[in-house]
Amino acid sequence: MKSSFQLALPVAILAIVFSGVGRAADTSHPALSEGDLQAKIQYCTYCHQPSGQGYVGASPIPRLAGQQTEYFKNQLQAFIDRRRVNVFMFKVAHSLNPDMLPSLAEHINELNPKPAAAGPSELVDEGKKIFEGGVPEANIPACAVCHGLEARGKGPVPRLAGQIYPYIIKVLQNWGKERGQDPAHPDTSAIMEPVAHGLNDSQIKAVAAYLSSLE
Amino acid sequence: MKLSARKLALPSVILVFGCAVAALAEESTNPAGLSEQDVQAKIQFCTYCHQPSGQGFMAGAYPIPRLAGQQSEYFKNQLQAFIDRRRVNVFMFEVAHSLSPEMLTALATHFRDLNPKPLGGAPTELVATGKKIFQEGVPDAKVPACATCHGPEAKGNGQFPRLAGQLYPYIVKVLTNFDQERGQGGPANPDTSAIMKPIAHNLTESQIAAVAAYLSYLE
C-alpha cells in the first residue's frame, strides 16, 4: 500500500490542477463578497448620504435613492466610458468591479428617504404645469410622458421625484457639457438635449422646484 | 393710336403683381397661412416623443404610439378627438388643442409617408395565436376578424387605422382601456370609436396580448 508520503505528489498535482480549473472560470475581477459590497455602499454614501438622499455641498450631490436600476447602471457605465464627464465620478466608477453594478443598483433602488433639498415652494405650481403639460409654444414636450406622472421613471428613464433642487438646475443648464461627450458613441442622453436647451432658466427652476418636492 | 407709358402703367403693375402672387402661391406646398418653418417646428415637436421616424417609443413611463404610415384620415380624426376631448389623454390634449386644421393635414401627410421598421419586442410565442385572431376573429365571442376593417396586412383604410408595426404595450393598453379613453364625448357626441367598444370588451386579456404581439411585428 502506498504511504501517505507517496500519495503526496499525486495529491499535490491534483490539488494544483483542480484549483487551476477553478480559477480559469474566474473573470478578470476577484469574486464579490458581501463585505466588498457593503464597503462600496458605505463609500458611495459618504457623499450621497446614508439613505441615498443626496447632499448640497460645494457641488450638489444627487439623490440616488429609488433610482431606476437600468438608468443607474447606465450612468455608471457612462462615467466609466467618459461619455458622461464628471471629475469625481470617473474616479469612483472606473474602479468598480462591474459585477458590483447590479447589487449597487438594487440596493439604491430600494431606499426611500424624504426629499432632502426642495426648491422654493412658490415655484412648484408652475413647475407642475411644465412637468405635466410641457411648453407647447416652445415645442417642449411634457416631461411626464417619459418620466411618468409621478416622476418615478422607468427602465432607462430616470426617477426625478425628490431629486436635489440645485442638482436638477445644474444638470439641465449644463446638459451639453456633461453628457454625450463621446461623439463616436452617441448615447441616450441625446434625447434630452433639445429639452434642456429649449427650457429657459426660470422654467428650469420651476420644474426643479416641483420635482424636488415630490416623494 | 400710340400707347403711352401712362396707359400701360396700370396693366403692367397688375400683370407683375399677379405673376408675383402666382409665383409665391406655387412655391409653398402648404395650405394658406402655414409656413414650412411652422410645419417643420411642429414635426420636430411631435417627434420628441413619437421619435424622428415616427416609430413610437417604449422605454418611458408610457408607451408612445407609432405614427409612421398611419392613415391620414384616421390621424386627423384622432387629433380632432383629442381637441374635442372625445378622446382623453392628458398629454395629447395639451399638444393638440393649439393645432390648426391646416396643420393637422400637414402633419398627417408627413407621418403617413414615413416607414421605419417596427420596434418589435413582443413575446414571439404569442404571434401565431394573434395571427389567427386577426384573420379569423373569435366567433364564439362575437369578435369579427380584425382584417375585415383593418385590411389583411393591417395597413388600415381611411378612418380605419393602420395597426401594422404598432407598439405591443400600446395596443395592449388601448384595447384594455378602450372605454376610459375613447368616446368620452357623451351621448351627444358619439364617434367612430364606438365600433371598437364591443370588440375591446369581448377580447380576453390573453387574446389582446396575442393579437398585439402579432401586429407589432408586421411591416
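> Go over the nonpolar core, please, and point to the residues and values.
With 29 residues, the main nonpolar core has Phe131(A), Val145(A), Val207(A) and Leu211(A) as its most contacted residues. The set of elements that each furnish at least two residues to this core consists of α7 (144-147), α8 (165-173) and α11 (201-213) of chain A together with α2 (36-50) of chain B. Residue contributions to this core peak at six residues, all from α11(A). In this view, Phe131(A) contacts Ala142(A), Cys143(A), Ala144(A), Val207(A), Tyr210(A) and Leu211(A); residues no more than four positions away in its chain are not counted. One finds Ala122(B), Leu163(B), Leu167(B) and Ala213(B) within the second-largest nonpolar core, a separate group that totals 19 residues.

> Tell me about the environment of Ile169(A), and please be specific about residues and values.
All names here are of chain A. Tracing the chain through its elements places isoleucine 169 in helix α8. On the basis of neighbour counts, which here come to 19 C-beta atoms within 10 Å, the residue isoleucine 169 falls in the partly exposed class. Distance from isoleucine 169 to asparagine 109, taken between C-alpha atoms, is 23 Å for residues 60 residues apart in sequence.

> How would you summarise the interface of chain A and chain B if you had to cite specific residues and measurements?
Counting from both sides, the interface comprises 17 residues of chain A and, opposite them, 15 residues of chain B. Every element with two or more residues in the side of chain A that touches chain B is listed here: α6 (124-133) and α7 of chain A. If you tally residues by element for the side of chain A that touches chain B, the top one is α7(A), at three residues.

> Explain the confidence of the model for chain B residue by residue, including any values.
This prediction gives chain B a mean pLDDT of 89; 85% of its residues lie at or above 70. Interface predicted TM-score (ipTM) for the complex: 0.75; the corresponding pTM is 0.80.

> Can you lay out helix α2 (residues 34-48) of chain A for me, pointing to particular residues and giving the numbers?
Compared with the 21 Å implied by 1.5 Å per residue over 15 residues, the 20 Å span of α2(A) between its first and last C-alpha is a close match. Looking one or two places after α2(A), you find Gln49(A), whose phi comes out positive at around 80 degrees.

> Describe in detail the confidence of the model for chain A, supporting the description with residues and values.
All names here are of chain A. Chain-level statistics for chain A give a pLDDT mean of 88 and a share of 86% at 70 or above. Across chain A, the secondary-structure element scoring lowest on mean pLDDT is helix α1 (residues 4-24), at 52, and the one scoring highest is α11, at 98. A low-confidence stretch, residues 17-27 stays under pLDDT 50, and its non-local contacts, those more than four residues away or across chains, total zero contacts.

> Lay out the environment of Cys149(B) with the relevant residues and their values.
Residues and elements named next belong to chain B. Looking at the element boundaries, cysteine 149 is found in helix α7 (residues 147-150). Take cysteine 149: there are 16 C-beta atoms within 10 Å of it, and that puts it in the partly exposed class. For cysteine 149 and lysine 197, which are 48 residues apart along the polypeptide, the C-alpha to C-alpha distance reads 14 Å.

What counts, and where the lines are drawn
Residues numbered from 1 in each chain as written. Chains lettered and ligands numbered in written order. Predicted model: local features only at pLDDT ≥ 70, side-chain atom pairs only at ≥ 80, totals over all residues. Core = buried A, V, L, I, M, F, W, Y, C linked by C-beta atoms within 7 Å. Buried ≥ 20, exposed ≤ 12 C-beta atoms within 10 Å, placed from the backbone. Helix = DSSP H or I, 4+ residues; strand = E, 2+ residues; numbered from the N terminus. Contact = placed C-beta atoms within 7 Å. pLDDT = per-residue confidence, 0-100. Expected span 1.5 Å × (residues − 1).

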